[in-house]
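Overview (structure and organization)
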Amino acid sequence: MTAVTDVTNPGTTSSPAASDGPPAAATERKAPLNDLRDTQKGTGEKVLVGVFVAVPLLALVAAIPLAWGWGLGWHDVVIALVFYYISGLGISMGFHRYFTHLSFKAKPGLRVALAIAGSLAIEGPVLTWVADHRRHHKYSDREGDPHSPWRFGDDWKALSKGLAWAHIGWMFNGNRTSREKFCPDLLADRKIVRISDWFPALVVASLLAPALIGGLWSWSWQGAVTAFFWASLVRVAFLHHITWSINSICHTFGKEEFEVRDKSRNVNWLAILSFGESWHNLHHADPTCARHGALRGQIDIAARLIWFAEKLGWAYDVRWPDPARLNGKLTGTRRLGSMTRRTPAVPAKKQPIRPGAA
Ligand SMILES: [Zn+2]
Ligand SMILES: [Zn+2]
């Protein structure tokens, strides 16, 4: 890998990955906000984001009325939405909050279901996904981070290149994150290792199941073909872009509502489509927190699902937002929302944040 300037400490070059990779909780930053300038959004940068995310999505939306009635029907929409939710929540609630960050504990059935559901997103086997993501948190926006948009520097040109890298380019890098180093806990679980090894079969299932359902539902070959196009190909492509946007957009644009030493930001317009993942600034401020949209009014679908699972007894020991922990990191005056712990583990240092209803 080429040496890059440590953006959290200009003028220095950080050392390559050397030490063991602890689970994300240990990577939490306690240092004050870094003093790098916040790069202002230029027109060129906005255009670039548009090229990478908005334009293909708009093209897709524009194709919908054209195809309606002959190449797209409500069966396809329903199947696509169901698979989008299952695979997207499998990533957000499963791969990310549960397997990577241990934000809650799950009964064995839910654990297996989350590993399978996340695999259906076709973002790599669970072990690979978790290893990469733990490495991302360990080196967030510094050398060693597999997908930082700040990799090439912070001027306009470097950032343009970095956004493309964070969004897609990093996946074409030959480096592979060590599973032994970053996810020994999952390697010790034979069931999870097996599901991880089944990934190719789960990819096939994720692509063929919508076609099968579409074909049986409409009892036609055309129904199978259109369901395959919309609920397999388009659904997977759309979810990929949303996930990648967390790596690119949410490390470049948006609000810093909690103090972090990296460039993670909260991006509200991606919240619903990403199941709450785009509240990425809170996530880096407190990686094990189960609710990423921790502030009042911040919609976080995955957190709500964890909440339901907790009520059903399938999830337990959930790490809900802790006012004592988040109190000192809040940059504005907004208050924490629902699902916040009522009894903080340790007394708050400054002005306590009173949880309010979302
Ligand atoms: Zn994370
Ligand atoms: Zn991040």
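Being a predicted model, the structure only gives us computed values, none of them experimental. (Residues numbered from 1 in each chain as written. Chains lettered and ligands numbered in written order. Predicted model: local features only at pLDDT ≥ 70, side-chain atom pairs only at ≥ 80, totals over all residues.)

What follows covers the overall build of the protein chain. Helix and strand counts for the protein chain come out as 13 helices and 2 strands. Split into buried and exposed, the 358 residues of the protein chain put 44% on the buried side. Contacts in the protein chain between residues at least 24 apart in sequence constitute 65% of all its contacts with a sequence separation of at least 6. (Helix = DSSP H or I, 4+ residues; strand = E, 2+ residues; numbered from the N terminus. Buried ≥ 20, exposed ≤ 12 C-beta atoms within 10 Å, placed from the backbone. Contact = placed C-beta atoms within 7 Å.)

The first and last C-alpha atoms of helix H5 (residues 156-167) sit 16 Å apart over 12 residues, in line with the 16 Å expected at 1.5 Å per residue. Of the positions making up H5, those classed as buried are Leu159, Gly162, Leu163, Trp165, Ala166 and His167. (Expected span 1.5 Å × (residues − 1).)

It is at 7 Å that the axes of helix H2 (residues 74-100) and helix H3 (residues 108-119) come closest, and there the two elements cross at 120°. As far as their axial angle goes, H3 and H2 are oblique. The two elements H2 and H3 meet at a crossing, and its hand is left-handed. Judged by residue contacts, Ile86, Ser87, Leu89, Gly90, Ile91, Met93, Gly94, Phe95 and Tyr98 of H2 engage Leu114, Ala115, Ala117 and Gly118 from H3. Of the residues contributing to the contact of H2 with H3, the split by class is 9 nonpolar, 4 polar and no charged. (Axes fitted to C-alpha atoms, helices over the stretch in contact; angles between N-to-C directions. Parallel < 35°, antiparallel > 145°, perpendicular 65-115°, else oblique. Left-handed = near helix turned anticlockwise from the far one by under 90°. Nonpolar A, V, L, I, M, F, W, Y, C, P; charged D, E, K, R; others polar.)

One non-glycine residue, Ile122, adopts positive backbone phi at about 55°. Take Ile122: it is sitting in the loop between H3 and helix H4 (126-139). The residue Met339 is not glycine, and still its phi comes out positive at about 70°. Structurally, Met339 is set in the segment after helix H13 (323-326). According to the C-beta neighbour criterion, Met339 is buried, with 21 such atoms within 10 Å.

Attention now goes to the environment of Leu60. With respect to the secondary-structure elements, Leu60 resides in helix H1 (residues 43-67). Distance from Leu60 to Phe238, taken between C-alpha atoms, is 9.1 Å for residues 178 residues apart in sequence.

Bringing the nonpolar core into the picture now. Counting 66 residues, the largest nonpolar core has Val126, Val130 and Ile306 as the members making the most contacts within it. Looking at this core, the elements that each hand over two or more residues are H2, H3, H4, helix H8 (190-197), helix H9 (199-218), helix H10 (221-248), helix H11 (280-285) and helix H12 (301-312). The dominant element in this core, judged by the number of residues it contributes, is H2, at 10 residues. Residues contacting Val130, with those up to four places away along its chain left out, are Phe95, Phe99, Thr100, Cys183 and Leu186. Within the second largest apolar cluster, 5 residues are counted, among which are Leu159, Leu163, Ala166 and Trp170. (Core = buried A, V, L, I, M, F, W, Y, C linked by C-beta atoms within 7 Å.)

It should be kept in mind that the predicted coordinates are not to be read in detail where pLDDT is low. For the protein chain, mean pLDDT is 83; residues scoring 70 or higher make up 80% of the total. Predicted confidence for residues 1-38 stays below pLDDT 50, and this span has 59 contacts to residues more than four positions away or in other chains. (pLDDT = per-residue confidence, 0-100.)

With that settled, consider the environment of Gly215. Topologically, Gly215 is positioned in helix H9. Sequence separation between Gly215 and His75 is 140 residues; the distance between their C-alpha atoms is 9.9 Å.

What follows is about the packing of H2 against H4. In contact at an axis separation of 10 Å, H2 and H4 are set at 60° when each is read in the N-to-C sense. The angle between H2 and H4 falls in the class oblique. Considering the relative orientation of H2 and H4, their crossing is right-handed. Here H2 contributes Phe95, His96, Phe99 and Thr100 to the contact with H4, which in turn contributes Val126, Trp129, Val130, His133 and Arg134. Of the residues contributing to the contact of H2 with H4, the split by class is 5 nonpolar, 3 polar and 1 charged.

What follows deals with H10. Compared with an ideal rise of 1.5 Å per residue, which puts 28 residues at 40 Å, H10 spans 39 Å between its outermost C-alpha atoms and is within 8% of the ideal. Its axis deflected by about 30° at Arg235, H10 carries its strongest bend there. (Bend = angle between axes of the 7 residues up to and from the residue.)

This brings us to the environment of Leu305. With respect to the helices and strands, Leu305 occurs in helix H12. According to the C-beta neighbour criterion, Leu305 is partly exposed, with 18 such atoms within 10 Å. Sequence separation of Leu305 and Met93 is 212 residues, and the distance between their C-alpha atoms is 7.8 Å. Here Leu305 is in contact with Leu89 and Met93, once residues within four sequence places are set aside.

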